[in-house]
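# Fold and contact review
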Amino acid sequence: MDGAPCWVSLATADLESAQRFYAEVLGWTFRRGSLGENFSVAYSGDVPVAGMGAIVRTMGVAVQWTPFFAVPDADTASARVRERSATVAVGPIRMGEGRTALAADLAGATFGFWEGRVLPAWDVSRVAPPARLELRTRDAFAAAIFYAEVFDWASESGRCEVDYQYEAVVVRVDRRAVATIRGGAVESAPDPHIRPRWHVSFFVDDVDDAAKAAVSAGGAIASSPADNPFGRTARLFDPEGGLFTVHSHAPEGA
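Reading the values: the criteria
- Residues numbered from 1 in each chain as written.
- Predicted model: local features only at pLDDT ≥ 70, side-chain atom pairs only at ≥ 80, totals over all residues.
- Heavy atoms only, no water.
- Helix = DSSP H or I, 4+ residues; strand = E, 2+ residues; numbered from the N terminus.
- Buried < 20%, exposed > 50% of the residue type's maximum accessible area, 1.4 Å probe, protein only.
- Contact = heavy atoms within 4.5 Å.
- Areas by Shrake-Rupley, 256 points an atom, 1.4 Å probe, with all protein chains shown as cover.
- Axes fitted to C-alpha atoms, helices over the stretch in contact; angles between N-to-C directions.
- Parallel < 35°, antiparallel > 145°, perpendicular 65-115°, else oblique.
- Left-handed = near helix turned anticlockwise from the far one by under 90°.
- Nonpolar A, V, L, I, M, F, W, Y, C, P; charged D, E, K, R; others polar.
- Pairing = 2+ DSSP bridges.
- Core = buried A, V, L, I, M, F, W, Y, C linked by side-chain atoms within 4.5 Å.
- Polar contact = N/O pair within 3.5 Å; in protein donor to acceptor, adjacent residues only side chain to side chain.

Moving on, we get to the overall build of the protein. A tally of helices and strands in the protein yields 5 helices and 16 strands. Buried positions account for 49% of the 254 residues belonging to the protein. Considering only contacts within the protein whose residues lie at least 6 apart along the sequence, 59% involve residues at least 24 apart. When the accessible surface of the protein is split by element, carbon and sulfur atoms take 49% of a total near 11,800 Å².

Set out below in structure tokens:
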């Protein structure tokens, strides 16, 4: 669906090390993708969950998880980003069977967009996506307006609905929450992990067990397991400093 989350990807410096860590913590398996030996696709059972690419050294990007949103035309999306004084850092470029770009919003949070076929596991109009997204930013309402204008959220032609719940802007597809936007981030914070950024959250059966597994596998806990209106969560670091969240399985429609 246009404007909806359609993929998440980890930029890493050591693909084999990252695969070992996420296999141990999240139980993923990996298969070679169509983009070459420096890229792989993570699977939970038979479901493709995320991409990984050893591109930190070659492209000079940070180790981080990045969400991607589906667009009908990557050039149009790029133009909308620039028209709003935000940044398109890479692309649009041809990648496999589609075109993609990396951008940063007005507060500096990195995101991507994808023009092309979406894998069935990420067709959020039909199934719950394998991950939930949350943007922590300075001004949630300003960010919501920015993304709504770039991705046509809440427009007559779009099917992504936006409302306000639990002190956050919630993006829904067919009444299912697929992303939230919250305030409270500080651009000038000395800790880069509390600056504006998109947080990628993966569903697990037991949040506490996943946090313990992350530490055992060489990672660290950024915020301890805690309950919130959407379930139980914990923020974790992989061994290279990649920040991600684990989340208890949410009820349908939450």
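Don't stop here, the text continues.
On to the packing of helix α1 (residues 15-26) against helix α5 (residues 207-216), then. Relative orientation of the contacting elements α1 and α5 amounts to 150 degrees, with a least axis distance of 8 Å. Here α1 is positioned roughly antiparallel relative to α5, judged by the angle of their axes. Note on packing geometry: the crossing formed by α1 with α5 is right-handed. Contacts from Phe 21, Glu 24 and Val 25 of α1 reach α5 at Ala 210, Ala 213, Ala 214 and Ser 216. By residue class, the composition of the contact of α1 with α5 is 5 nonpolar, 1 polar and 1 charged.

With that settled, the discussion passes to the sheet that holds strand β16 (residues 243-248). Strand order across the open sheet formed by 8 strands is β10-β11-β12-β9-β13-β16-β15-β14, with mixed pairing between neighbours. Each of the sheet's edge strands pairs with one partner strand only, and the pair in question is β10 (160-165) and β14 (220-228). Taken over all neighbouring pairs, the strand axes of this sheet differ in orientation by 25 degrees on average, direction set aside. Judged from the 6 bridges that link them, β10 and strand β11 (residues 168-173) form a sheet pairing that is antiparallel. Note that in β11 the partner of Cys 160 across the bridge is Val 173.

Quick look at the packing of helix α3 (residues 74-83) against helix α4 (residues 140-151) now. Interhelical geometry of α3 versus α4 gives an angle of 150 degrees and a closest axis separation of 9 Å. Comparing their axes, α4 and α3 come out roughly antiparallel. Of the two elements, α3 crosses α4, and the hand of that crossing is right-handed. On α4, the residues touching Ala 77, Arg 80 and Val 81 of α3 are Phe 146, Glu 149 and Val 150. The class makeup of the residues in the contact of α3 with α4 is 4 nonpolar, no polar and 2 charged.

Phi is positive for Ser 85, which is not a glycine, with a value near 65 degrees. Looking at the element boundaries, Ser 85 is found in the loop between α3 and β6 (87-95). Among the residues examined, Ser 85 registers a relative accessible area of 62% and is labelled exposed.

Attention now moves to the nonpolar core. Tyr 22, Trp 28, Trp 65, Phe 111, Phe 113 and Phe 202 are the most contacted members of the largest nonpolar core, which totals 70 residues. At 8 residues, the largest contribution of residues to this core is made by α4. Not counting residues within four places of it along the chain, the set of residues in contact with Phe 202 comprises Val 8, Leu 26, Trp 28, Val 49, Ala 50, Trp 65, Pro 130, Ala 131, Phe 244, Thr 245, Val 246 and His 247.

Position of Ser 40 relative to the elements: it lies in strand β3 (residues 39-44). The exposure class of Ser 40 is buried, given its relative accessible area of 6%. C-alpha of Ser 40 to C-alpha of Thr 29: the two residues are 11 residues apart in sequence and 9.9 Å apart in space. Polar side-chain contacts of Ser 40 include one of 2.8 Å to the side chain of Gln 19.

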